[in-house]
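Notes for the structure review
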Amino acid sequence: MKWQVRKPLAMAHELVKACVQSGDVVVDATLGNGHDALFLANCVGARGRVIGFDVQQAAVEASSARLADCEAAVDLHHCGHEKLADFAPAGLGAVMFNLGYLPNADHSVITLPATTLAALESAVELMRPRGILSVMCYPGHDGGREEANEVEAYFAALPRYGWQVVKHQHLNGPATSPFLLAAQKRAEK
Ligand SMILES: C[S@@+](CC[C@H](N)C(=O)[O-])C[C@H]1O[C@@H](n2cnc3c(N)ncnc32)[C@H](O)[C@@H]1O
């Protein structure tokens, strides 16, 4: 199939797949049902490792079940991603965030700006050159717009000689359309 403009989440996967190498250590900062974690596991393969976080035990269990047969090493934590630096080493190939709430679960459990930004700080610190940070933002739910604005401001302030930063959103949809923010760390000279 010829290349086509994709929805933001599909674009996140496309960018991450292009940047991640077999054997990388990568992070899913918001496990949910484990779809993104499984995608990451398939990208890094048998020599790689996926580290995951979620504040809901049910999410960690669902992700663990989904990843049961994958070849990558898997290290899932029932705690907030603000603890990322306690569990992840330097040299990460990718860190993915899918913000908001878990569909078909408790919609009152949402990601929050302060903890999301704390985790982003750690992710930026631990990324390897050419590694990628992706964040799916959802401005449509209560609190989602504020969080999306704060995350976008954080991305926009990353130093331009250190990071390539992009935003991907359908501009002809509703103002609450989800969007992707992605930042790739530039190679060291
Ligand atoms: C949109 S869902 C993630 C979807 C998931 N990536 C997937 O593939 O199914 C957002 C998740 O973030 C989790 N979450 C909320 N606050 C969090 C925090 N501080 N740290 C880690 N996860 C958090 C929620 O419990 C929820 O499962």
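Before any of the text, the structure's been laid out above.
Here's what I pulled together on the structure shown here.

Rules of the game
- Residues numbered from 1 in each chain as written.
- Predicted model: local features only at pLDDT ≥ 70, side-chain atom pairs only at ≥ 80, totals over all residues.
- Heavy atoms only, no water.
- Phe/Tyr/Trp six-rings, centres within 6.5 Å; stacked < 30°, edge-to-face > 60°.
- Helix = DSSP H or I, 4+ residues; strand = E, 2+ residues; numbered from the N terminus.
- Buried < 20%, exposed > 50% of the residue type's maximum accessible area, 1.4 Å probe, protein only.
- Lys NZ or Arg CZ within 6 Å of the ring centre and 35° of its normal.
- Contact = heavy atoms within 4.5 Å.

Before going further, it helps to examine the packing of aromatic side chains. Using the criterion set out here, one finds two aromatic pairs in the structure. Centre to centre, the rings of phenylalanine 53 and phenylalanine 87 are 6.0 Å apart; their planes meet at 55°, and the pair counts as tilted. In this pair, phenylalanine 53 is assigned in strand β2 (residues 49–53) and phenylalanine 87 in helix α4 (residues 84–87), connecting sequence segments 34 residues apart. Overall, phenylalanine 53 belongs to the buried group, its relative accessible area being 0%. Overall, the relative accessible area of 33% leaves phenylalanine 87 in the partly exposed class. Judged by centre distance (6.5 Å) and plane angle (75°), the rings of tyrosine 154 and phenylalanine 155 are edge-to-face. Taking the relative accessible area as the measure of exposure, phenylalanine 155 reaches 1% and is therefore buried. Above the face of the phenylalanine 179 ring, lysine 167 is positioned so that its terminal group lies 4.4 Å from the ring centre.

Take valine 135: it is sitting in strand β5 (residues 127–137). In this structure valine 135 comes out as buried when scored by relative accessible area, which is 0%. Linking valine 135 and leucine 181, residues 46 residues apart in sequence, is a C-alpha distance of 5.2 Å. The residues touching valine 135, leaving out its near neighbours within four places in the chain, are Phe97, Leu99, Leu120, Val151, Phe155, Phe179, Leu180 and Leu181.

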